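# Architecture and fold: a report
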Amino acid sequence: MARAGSKAFPVPEHDHAACIGDAMAMAEDLCRENGLRFTRLRRQVFELVWTSHAPLGAYDLLAMLNERGQRAAPMTIYRALDFLMAHGLVHRLNSRNAYIGCNHPGDGHAGQFLICRDCGRVAEIEERRIAEAVRDGASRAGFDVRLPVIEIEGQCFDCRGARHG
Ligand SMILES: [Zn+2]
Ligand SMILES: [Zn+2]
Ligand SMILES: [Zn+2]
């Protein structure tokens, strides 16, 4: 399949405004259904996190907000990010100390993240078998899993030059 992987890593020339639009619509639905306040700042931070498919650090986000004429303090950004993370709208990548937008938001989900070493893009996948294996192994160790996030480094389809047409 020539375009395998294109769902996780969209072609570079894809319509990213559509990605942002979809993500924003899903976030609005989630907030409405759960009675959460999607304040202007939370919305702005969410939109900035979605600038691309590569993760951004809190200070990148702060700089971008300030460029837009907002004078937000670092604490404000962290609080907005905490809210977004708590509701599964963004995820934090520990290895990058950066945040990535989620395209299937919802409380309490934590997937696996494929991180491209070359272009920095990240794709979130959810392999149920991995989650189950982590849960089983942890429970045998008497361990209470709080954040079963797994970060996997490698090279994406495009950087491998594997994409055709
Ligand atoms: Zn996109
Ligand atoms: Zn997610
Ligand atoms: Zn790549």
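The zinc ion (ligand 1) binds to the protein through His 14 (NE2), His 16 (ND1), Cys 19 (SG) and His 53 (NE2); the donor distances cover 2.0 to 2.3 Å. Around the zinc ion (ligand 1), the 4 donor atoms sit at angles spanning 103 to 117°, and that spread fits a shape best called tetrahedral.

Let's shift gears to the environment of Gln 112. Its location among the elements puts Gln 112 in strand β3 (residues 112-116). Put simply, Gln 112 and Ala 54 are 58 residues apart on the chain and 15 Å apart in space, counted from C-alpha to C-alpha. In contact with Gln 112, other than residues within four places in its own chain, are Ala 123, Glu 124, Ile 125, Glu 126, Glu 127, Ile 130, Ala 131, Ile 150 and Ile 152. Separated by 2.8 Å, the side chain of Gln 112 and the backbone nitrogen of Glu 127 make a polar contact.

Further remarks concern the domain arrangement of the chain. Per the domain assignment, the segments of the chain are domain 1 (15-107) and domain 2 (110-165). Of note, the centres of domain 1 and domain 2, computed from C-alpha atoms alone, are 20 Å apart. On the domain 2 side, the residues contacting the 12 residues of domain 1 number 9 residues. On the domain 1 side of the interface with domain 2, the three residues burying the most area are Leu 93, Arg 96 and His 104, jointly 42% of the side's total. Joining domain 1 to domain 2, the criterion identifies 1 salt bridge.

Rules of the game
- Residues numbered from 1 in each chain as written.
- Chains lettered and ligands numbered in written order.
- Predicted model: local features only at pLDDT ≥ 70, side-chain atom pairs only at ≥ 80, totals over all residues.
- Heavy atoms only, no water.
- Donors = N, O, S within 2.8 Å, 3.2 Å for Na, K, Ca; no water.
- Tetrahedral: all angles 85-135°; square planar, octahedral: opposite > 155°, others 65-115°.
- Helix = DSSP H or I, 4+ residues; strand = E, 2+ residues; numbered from the N terminus.
- Contact = heavy atoms within 4.5 Å.
- Polar contact = N/O pair within 3.5 Å; in protein donor to acceptor, adjacent residues only side chain to side chain.
- Domains from an automatic or database assignment.
- Buried area = accessible area lost by both parts, 1.4 Å probe.
- Salt bridge = Lys/Arg side-chain N within 4 Å of Asp/Glu carboxyl O.

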